[in-house]
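Fold and contact review
This is what each chain is made of:
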Amino acid sequence: MSEPKTYTLDVPGAVLTYDVREPVTPSDRPTLLLIGSPMDASGFTTLAGLFEDRTVVTYDPRGVSRSRKTDGVVVSTPDQHADDLHRLIDALGVGPVDILASSGGAVNGLALVARHPEQVRVFVPHEPPVVQLLADRETALAAVRDTERAYQEKGAAAGLAKFMLLVSLTGDIPADFASLPASLPPGFPVAEDDGSRDDALLGQNLITCTHYEPDIEALRAASTRIVPAVGVESAETLAGRGGAAVAERLGVEPAVFPSHHAGFAGGEFGMAGEPEAFAARLREILDGDR
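Rules of the game
- Residues numbered from 1 in each chain as written.
- Predicted model: local features only at pLDDT ≥ 70, side-chain atom pairs only at ≥ 80, totals over all residues.
- Heavy atoms only, no water.
- Helix = DSSP H or I, 4+ residues; strand = E, 2+ residues; numbered from the N terminus.
- Rg over C-alpha atoms; globule rule 2.2 N^0.38 Å.
- Buried < 20%, exposed > 50% of the residue type's maximum accessible area, 1.4 Å probe, protein only.
- Contact = heavy atoms within 4.5 Å.
- Areas by Shrake-Rupley, 256 points an atom, 1.4 Å probe, with all protein chains shown as cover.
- Lys, Arg positive; Asp, Glu negative; His and termini not counted.
- Charge placed at Lys NZ, Arg CZ, Asp CG, Glu CD.
- 1 Å grid on protein atoms, 1.4 Å probe; cavity = no way out; pocket = protein on both sides within 12 Å on 5 of 7 lines; lining within 4 Å.
- Points joined across faces, edges and corners; volume = space filled by probe spheres on them.
- Polar contact = N/O pair within 3.5 Å; in protein donor to acceptor, adjacent residues only side chain to side chain.
- Pairing = 2+ DSSP bridges.
- Core = buried A, V, L, I, M, F, W, Y, C linked by side-chain atoms within 4.5 Å.
- Phe/Tyr/Trp six-rings, centres within 6.5 Å; stacked < 30°, edge-to-face > 60°.
- Lys NZ or Arg CZ within 6 Å of the ring centre and 35° of its normal.
- Expected span 1.5 Å × (residues − 1).
- Arc of directions from axis to C-beta.

Things to note about the overall build of the protein
- Scanning the protein for helices and strands turns up nine helices and 10 strands.
- Here the C-alpha radius of gyration of the protein, 18 Å, is about what a compact globule of 290 residues would show, namely 19 Å.
- Dimensions of the protein, computed from the C-alpha atoms along their principal axes, are close to 55 × 40 × 35 Å.
- Counting all 290 residues of the protein, 52% fall into the buried class.
- At a minimum sequence separation of 6, the contacts of the protein that also span at least 24 residues come to 71%.
- Of the roughly 12,200 Å² that the protein leaves accessible, carbon and sulfur atoms contribute 52%.
- Placing the 24 positive and 42 negative side-chain charges of the protein at their respective mean positions leaves the two points 2 Å apart.

Considerations on the layout of surface pockets
- Estimated volume of the largest pocket: approximately 1,600 Å³.
- Around the largest pocket sit 49 residues that line it, and Pro38, Leu160, Phe163, Leu201 and Met271 are the ones nearest its centre.
- Mapped onto the lining of the largest pocket, the elements with two or more residues apiece are helix 5 (156–168), helix 6 (200–210) and helix 8 (238–250).
- With seven residues, helix 5 is the largest single contributor of residues to the lining of the largest pocket.

Quick look at the environment of isoleucine 89
- With respect to the helices and strands, the residue isoleucine 89 is situated in helix 2 (residues 78–92).
- Between the alpha carbons of isoleucine 89 and valine 120 there is a distance of 9.1 Å; along the sequence they are 31 residues apart.
- Aside from chain neighbours lying at most four places away, what touches isoleucine 89 is Leu33, Val94, Val97, Leu112 and Gln119.

Quick word on the side chain of aspartate 98
- Inspection of the secondary structure assignment puts aspartate 98 in strand 6 (residues 97–102).
- Residue classification places aspartate 98 among the buried residues on the basis of a relative accessible area of 0%.
- A distance of 3.3 Å separates the side chain of aspartate 98 from the backbone nitrogen of valine 122, its partner in a polar contact.

Focus on the pairing of strand 1 (residues 5–11)
- One ladder, built from seven bridges, connects strand 1 with strand 2 (residues 14–21); its direction is antiparallel. Counted as the bridge partner of threonine 6 is aspartate 19 from strand 2.
- Counting the residues that bridge the hairpin from strand 1 to strand 2 gives two residues, and of these glycine 13 lies at a positive phi of roughly 85°.

Some points on the nonpolar core
- In terms of nonpolar packing, the biggest core is built from 53 residues, with Leu33, Ile99, Phe123 and Ile173 touching the most fellow members.
- With six residues, the single largest contributor to this core is helix 3 (residues 104–115).
- Ignoring sequence-local partners within four residues, the contact set of isoleucine 99 consists of Leu32, Leu33, Ile35, Leu112, Val120, Val122, Phe123 and Val124.
- Core analysis: the second largest hydrophobic core is formed by 23 residues, Leu32, Ala48, Phe51 and Val122 among them.

Some remarks on the packing of aromatic side chains
- For the structure shown, the criterion picks out four aromatic pairs.
- With centroids separated by 4.6 Å and ring planes inclined at 45°, the aromatic side chains of phenylalanine 257 and phenylalanine 278 adopt a geometry described as tilted. Here phenylalanine 278 lies in helix 9 (residues 275–286) and phenylalanine 257 lies in strand 10 (residues 255–257), a separation of 21 residues in the sequence.
- Classification of phenylalanine 278 as buried rests on a relative accessible area of 0%.
- An aromatic cluster is built from Phe44, Phe257, Phe264 and Phe278, whose rings are joined through pairwise contacts.
- Between the NZ or CZ atom of arginine 197 and the centre of the ring of tyrosine 151, over which it lies, the distance is 5.4 Å.

Notes on helix 8
- The end-to-end C-alpha distance of helix 8 is 19 Å, a good match for the 18 Å that 13 residues give at a rise of 1.5 Å each.
- In terms of burial, helix 8 is a largely internal element, 10 of the 13 residues being buried.
- Within helix 8, burial applies to Leu238, Ala239, Gly240, Arg241, Gly242, Gly243, Ala245, Val246, Ala247 and Leu250.
- In this structure, the buried residues of helix 8 make contact with helix 3, helix 4 (137–154), helix 5, helix 7 (216–221), strand 8 (225–226) and strand 9 (229–231).

A look at the side chain of serine 76
- Here serine 76 shows up in the loop between strand 5 (68–69) and helix 2.
- Residue classification places serine 76 among the buried positions, given a relative accessible area of 0%.
- Those residues in contact with serine 76 that sit more than four places away from it in its chain are Arg62, Lys69, His81, Gln204, Asn205 and Thr208.

So, helix 9
- Its 12 residues place the ends of helix 9 16 Å apart at the C-alpha level, agreeing with the 16 Å of an ideal helix rising 1.5 Å per residue.
- Residues of helix 9 that are buried include every one of Pro275, Phe278, Ala279, Leu282, Ile285 and Leu286, and no others. Axial view of helix 9: buried residues confined to an arc of 120°, hence all on one face. Exposed side of helix 9, more than 90 degrees from the buried face: Glu276 and Glu284 are the residues found there.
- Those residues of helix 9 that are buried lie in contact with strand 3 (32–35), helix 1 (45–49), strand 6, strand 7 (120–126), strand 8 and strand 10.

What follows is the structure in structure tokens.
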């Protein structure tokens, strides 16, 4: 695969930065778009390199890393991200793309497919934290709000500690979540609190992402083949249960992928999964119609 070429795209309220990796040999396979949120393009470096037989596109969501906001608004919504993705696919000038979307990116992808199914051939939302679809949504939403409150009142260290506890719990979120002890691992890198509250995860996307309710009827009617996915090690966590909930609403079985929530990662951000096995599973799904 060739070295990635980097481009920018002006969208309402932001300037997006995205990378395009072209195969060395021309390919008729659909372009593969890898999206996360708030994770930026660098989190997909390993996975992108395992798809040398097609064009692979990654991007930084608005307000993250190289993609800067121009409207001064801190909070971003899945609908905004979906519109950004719609405009990005238009700018690529290719036919319907295939999408593997992780975590918050999967929530944004659900919003995209509900609005613009003609742009997406196959969509694999991997562990979207769609808390509104969970049976324990009231306690889970309360836990998210408690996490956001810790961040707003005490800063990133307190917010991240709560967040890591929340996403690591298996099964229903307990009603006493707010009173559970939460701390970061020793040596976990967190900058000193400077008073800002625009962190990409805790300040920009946490509430809007988890509180978003997908348009299930639009997704059912979409021409896109939607394959909700969960990690074999993380299926009972909040995000894994979100993937299963989407599958249930669509009347399909979730696809099980190797490893955990970041199973595609090769060590990016310290998260090592099983990227080769993850890529092989993804290839099976994407090539299923060929």
